[in-house]
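The chain contents come next:
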Amino acid sequence: MGKLSTFKIVFAKNKDKYQPGDDVEGHVAIEIKDGIKVKGIFLECVGEASVGWSESQPTSSEKNRRNHIRHYKANETYFRFEKILMKRTTARRDSIAIDEGSYMYPFSFRLPNNIPSSFEGSLGHIRYWITGTVEKVWGSDHVVKWDIKVTNPLDVNMEKDALVAQSDSSEAILCCMCCKTGPITCDFHLDKTGYIPGEAIKIRGRINNGSNRRIACTTARLMMHTDYHAESKSKSDVICVAETRRGAIKAGCEDLWQGNPLVVPDLNASFLRGCSIIGLSYWVELVVHPSGPAFDLKVPLRVILGTIATRNPAHDAPGPSGLGNQLINRTSHRKSLPVSHSFKSQSPASVSAPRAGINELPNVPENPEELEPQKNSLSVLSPSMSSPGQDDRLQNSAPSISSLNASTPNNTTTTTTYNNNSNTSSSNNHLTAANGINTNGVNTNHHSNHLTSLKHGRARRRVSCHQ
């Protein structure tokens, strides 16, 4: 009679960790010596969750009081795949003879979407495994089992409270009313809510010992809360998975936690989404341990553990239409403006007048140099082209650049007198064009109005920019 010397399951690329929706591929390796007879070779892949516990309950009978053991359990099956690698082809009880040698039987199947992560707890579990069976004609079957780990990813950035800082406080009185002393207060703060395994939770807190008793120590703990739901009852289990501590605090003194790290170990993501009979949550507690007979003072804050780390909100977090970060940065720049740019030294008239000017001429450029081409086009009228005696009339009727500057308020004089260095011929050219007189009979009054409006608008615009 031959024997089965090798029987194992080999995964492609030696992979044994998967996510929902992944393809599980591999082969079953068999090595036989002297040949054997079998009924078939089968492969099965199963994913399920199970919870169960027992409780002792007393009976209601007064005569025979004894404890009754009651069992609570629940199960969930997520998938069950079966594959026949080798099977006899007839309905008869004939066996299949396998000669000596090595054989490989490939397999492939896809995991369903939205299945929960693998989990092992005190009262329940979520498991995934593959079982290979060589069914023999006589004797016990050969069975090999291989567990696979499934991780359902959780992006903490998709949780609305992942980046929200949180804090809480509490106090306790150690003595009774007859000998009451000052309270012990504990303030606890976390910079955010979402974390991943390997990340350090920065513990920030203040413990004020107002009592006359010494505090032995303070500890920060990461607690895992697991809820198991059976058919008619639920039960919870709480364990500490990480801890860090600080020393004693004397009476009347205080102690500070200034970002002390609490490293998150390799744990399952929160919630165990996809499973309805096991729930998972995490809390961080700042605990004060008074010396002597007294209850511990605890301040808990809920955290979310995921598989994808939180992004920096100042750089990576997207805002509405991609403009959220820009708006935040602009707000911060406005807050940092120097005090010299305020309106305290200006009168109400000097503030309101420039605003009206901006509404009248919205298209006037801020840079005075952009008006140079228009000034050159109007200066083509030389003094020789005008009639005798017209210069005197123009000087009396048309406003000059200096008069425009003189009409500007005193506190804005330095910002509007940017054209005081103009030469005489240029001024005459402007005045000639302003009167609308041309040797060719062309009316240029609209040039005068436009130039005067530009000068007023430029003065008002510069006042607004200075404000």
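## Focus on the overall build of the chain
Okay, step 1: On a plain count of helices and strands, the chain comes out with eight helices and 19 strands.
Okay, step 2: Pairs at least 24 residues apart make up 72% of the contacts formed inside the chain by residues separated by at least 6 positions.
Okay, step 3: Summed over all atoms, the accessible surface of the chain reaches about 27,600 Å², with 50% contributed by carbon and sulfur.

## A few points about the environment of Gln19
Okay, step 1: Along the chain, the position of Gln19 falls in the loop between β2 (17-18) and β3 (23-33).
Okay, step 2: It is 5.7 Å that separates the C-alpha atoms of Gln19 and Asn152, two residues lying 133 residues apart in sequence.
Okay, step 3: Look past the residues within four positions of Gln19 in its chain and what remains in contact with it is Leu111, Val150, Thr151 and Pro153.

## Quick word on the sheet that holds strand β17 (residues 254-263)
Okay, step 1: Spatially, β11-β12-β14-β17 is the arrangement adopted by the four strands of the open sheet, whose pairing is antiparallel. Of all strands in the sheet, those bounded by a partner on one side alone are β11 (166-172) and β17. Direction aside, the axes of adjacent strands within the sheet are offset by 15° on average.
Okay, step 2: Summarising the sheet, β11 and strand β12 (residues 184-190) pair through seven bridges and their orientation is antiparallel. Along β12, the bridge assignment pairs Asp168 with Phe188.

## Section: the sheet that holds strand β13 (residues 194-195)
Okay, step 1: Reading across the sheet, the five strands line up as β13-β19-β18-β15-β16 and stay open at both edges, with mixed pairing between neighbours. The sheet is open, and its two borders are formed by β13 and β16 (234-246), each paired with just one other strand.

## Comments concerning the packing of aromatic side chains
Ring pairs (aromatic) are described by centroid distance and by the angle formed between their planes.
Okay, step 1: Under the defined criterion, the tally for this structure stands at nine aromatic pairs.
Okay, step 2: When the ring of Phe11 is compared with that of Phe107, the centres are 6.4 Å apart and the planes differ by 85°; the resulting orientation is edge-to-face. Residue Phe11 is located in strand β1 (residues 3-11), and its partner Phe107 is located in strand β7 (residues 101-110); the two are separated by 96 residues in the primary sequence.
Okay, step 3: For Phe11, a relative accessible area of 6% translates into the label buried.

## Observations concerning the pairing of β3
Okay, step 1: The pairing of β1 with β3 spans eight bridges and is classified as antiparallel. The residue of β3 that forms the bridge with Ile9 is Val28.
Okay, step 2: In this structure, β3 lies alongside β7, joined through 10 bridges in antiparallel fashion. Bridging from a neighbouring strand, Glu31 pairs with Ser102 of β7.

## Here's the deal with the pattern of salt bridges
Okay, step 1: Under the counting rule described, the total for this entry stands at 11 salt bridges.
Okay, step 2: For Asp191, the salt bridge goes to Arg204, with nearest N and O atoms at 3.1 Å. Highlighted residues: Asp191 in the loop between β12 and β13 and Arg204 in strand β14 (residues 200-209), separated in sequence by 13 residues.
Okay, step 3: Here Glu243 ties to Arg221 by a salt bridge, and the two come within 3.4 Å at their closest N and O atoms. Here the residue Glu243 occupies a position in strand β16, and Arg221 occupies one in strand β15 (residues 215-229), the gap between them amounting to 22 residues.
Okay, step 4: The class of Glu243 is partly exposed, set by a relative accessible area of 41%.

## Structural notes on a negative patch on the surface
Okay, step 1: A cluster of acidic residues, Glu31, Asp34, Asp99 and Glu100, forms a negative patch at the surface.
Okay, step 2: For Glu31, the position within the fold is in strand β3.

## With respect to the pairing of β16
Each regular strand displays side chains that alternate between the two surfaces of the sheet.
Okay, step 1: Relative to β16, β15 runs antiparallel, the two being bridged by 12 bridges. Across the sheet, the residue bridging to Thr218 is Arg246, located in β16.
Okay, step 2: Linking two consecutive strands that pair antiparallel, namely β15 and β16, is a turn of four residues.

## Some points on the environment of Lys13
Okay, step 1: Note on placement: Lys13 falls in the loop between β1 and β2.
Okay, step 2: Since its relative accessible area comes to 84%, Lys13 is described here as exposed.
Okay, step 3: Each C-alpha atom of the pair Lys13 and Glu25 lies 9.0 Å from the other, and the pair is 12 residues apart in sequence.

## What about the side chain of Asp255?
Okay, step 1: Residue placement: Asp255 occurs in strand β17.
Okay, step 2: With relative accessibility at 13%, the residue Asp255 sits in the buried group.
Okay, step 3: Within the structure, Asp255 has its side chain in polar contact with the side chain of Arg246 (distance 2.8 Å).
Okay, step 4: With residues near it in sequence (within four places) discarded, Asp255 still touches Gly205, Arg206, Ile207, Thr218, Arg246 and Ile249.

## What to know about the side chain of Glu55
Okay, step 1: The residue Glu55 is located in strand β4 (residues 36-58) in this model.
Okay, step 2: Here Lys233 takes part through its side chain, which lies 2.6 Å from a polar atom of the side chain of Glu55.

## A short note on unusual backbone geometry
Okay, step 1: Look at Phe271: it is not a glycine, yet its phi comes out positive at around 85°.
Okay, step 2: In this fold, Phe271 is placed in the loop between β17 and β18 (278-290).
Okay, step 3: With a phi close to 50°, Leu272 is a non-glycine residue in the positive phi region.
Okay, step 4: One can find Leu272 in the loop between β17 and β18.

## A short note on the confidence of the model for the chain
Okay, step 1: Here the chain averages 74 in pLDDT, while 63% of its residues score no lower than 70.
Okay, step 2: Across the chain, strand β8 (residues 119-120) holds the top mean pLDDT of 98, while helix α1 (residues 324-335) sits lowest at 30.
Okay, step 3: Considering only residues more than four positions removed or in separate chains, one finds that residues 314-467, a stretch of pLDDT under 50, has 107 contacts.

## A closer look at the environment of Gly252
Okay, step 1: Its place among the elements puts Gly252 in the loop between β16 and β17.
Okay, step 2: With a relative accessible area of 59%, Gly252 lands in the exposed category.
Okay, step 3: In the structure, Gly252 is positioned 70 residues away from Gly182 in sequence and 8.8 Å away in space, judged by C-alpha atoms.
Okay, step 4: Gly252 has contacts with Asn209 and Ser211, leaving out every residue within four places of it along the chain.

The rules behind each value
- Residues numbered from 1 in each chain as written.
- Predicted model: local features only at pLDDT ≥ 70, side-chain atom pairs only at ≥ 80, totals over all residues.
- Heavy atoms only, no water.
- Helix = DSSP H or I, 4+ residues; strand = E, 2+ residues; numbered from the N terminus.
- Contact = heavy atoms within 4.5 Å.
- Areas by Shrake-Rupley, 256 points an atom, 1.4 Å probe, with all protein chains shown as cover.
- Pairing = 2+ DSSP bridges.
- Axes fitted to C-alpha atoms, helices over the stretch in contact; angles between N-to-C directions.
- Phe/Tyr/Trp six-rings, centres within 6.5 Å; stacked < 30°, edge-to-face > 60°.
- Buried < 20%, exposed > 50% of the residue type's maximum accessible area, 1.4 Å probe, protein only.
- Salt bridge = Lys/Arg side-chain N within 4 Å of Asp/Glu carboxyl O.
- Patch = residues over 30% accessible without salt bridge, like charges linked within 9 Å, V, L, I, M, F, W, Y side chains within 5 Å.
- Lys, Arg positive; Asp, Glu negative; His and termini not counted.
- Charge placed at Lys NZ, Arg CZ, Asp CG, Glu CD.
- Polar contact = N/O pair within 3.5 Å; in protein donor to acceptor, adjacent residues only side chain to side chain.
- pLDDT = per-residue confidence, 0-100.

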